[in-house]
Amino acid sequence: MIDKDFIKDVADKFLQETPMFLVDVTVRPGNIIVVEIDSDDSIGIDDCIALSRDIESRLDREAEDFELEVGSAGVTSPFKIPRQYKKNEGNEVEVLTKAGQKLSGVLKTSDNNGFVITITKMVKPEGAKKKTALEEDLSFAYDEVKYTKYLIRFK
């Protein structure tokens, strides 16, 4: 079985000094290697091909057969690492908490421990005839949520 940490090290070294970063590496039975990358800018097919070739050049097909797939994190994929949260600060996100609450709001800040989203809720002040919008910041630790992902809205 091909070592996942070896693949991570190779990918991290390749991506160093670029706006791209490693999101995840999985090695499934049958030596099926899946490498997921993201970028602070954008990722093209040429970037994925270059990383794939670099990883493949460091593996020996004679010793162990493998299948290698290198791709970018999809726009609707849940965030997996803190750097993806940092990249999406200021964007609208959807959060599903482990308690089952689904929220949408703007990702305000993030760090290595968690993140803050600003949600807008409609409240009716006492004595008022109609509801007004009220913004509220909610803080979450990463282990309190099932997923957070970029929210796409078509208006």
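Scroll up a little and you will see the structure.
Description of the structure in this document. (Residues numbered from 1 in each chain as written. Predicted model: local features only at pLDDT ≥ 70, side-chain atom pairs only at ≥ 80, totals over all residues. Heavy atoms only, no water.)

### Some remarks on the sheet that holds strand β2 (residues 32–39)
Strand order in the open sheet made by the three strands is β1-β2-β3, with mixed pairing throughout. Looking at strand neighbours, the two that pair on one side only are β1 (20–28) and β3 (67–72), the edges of this open sheet. Along the sheet, successive strands turn relative to each other by an average axial angle of 15°, direction set aside. Bridge count for β2 against β3 is six bridges, and the pairing is parallel. The partner of Ile 33 across the bridge, within β3, is Leu 68. Each of β1 and β2 touches helix α1 (residues 4–15); the most contacted strand, β1, lies at about 160° to it. Where helix α2 (residues 45–57) meets the sheet, it contacts β1, β2 and β3, and its direction lies at approximately 150° from that of β3. (Pairing = 2+ DSSP bridges. Helix = DSSP H or I, 4+ residues; strand = E, 2+ residues; numbered from the N terminus. Axes fitted to C-alpha atoms, helices over the stretch in contact; angles between N-to-C directions. Contact = heavy atoms within 4.5 Å.)

### Focus on unusual backbone geometry
Even without being glycine, Glu 17 reaches a positive phi, approximately 70°. Tracing the backbone shows Glu 17 in the loop between α1 and β1. In this structure Glu 17 comes out as exposed when scored by relative accessible area, which is 77%. The backbone phi angle of Asn 31 is positive, close to 55°, even though this residue is not glycine. For Asn 31, the position within the fold is in the loop between β1 and β2. For Asn 31, a relative accessible area of 6% translates into the label buried. (Buried < 20%, exposed > 50% of the residue type's maximum accessible area, 1.4 Å probe, protein only.)

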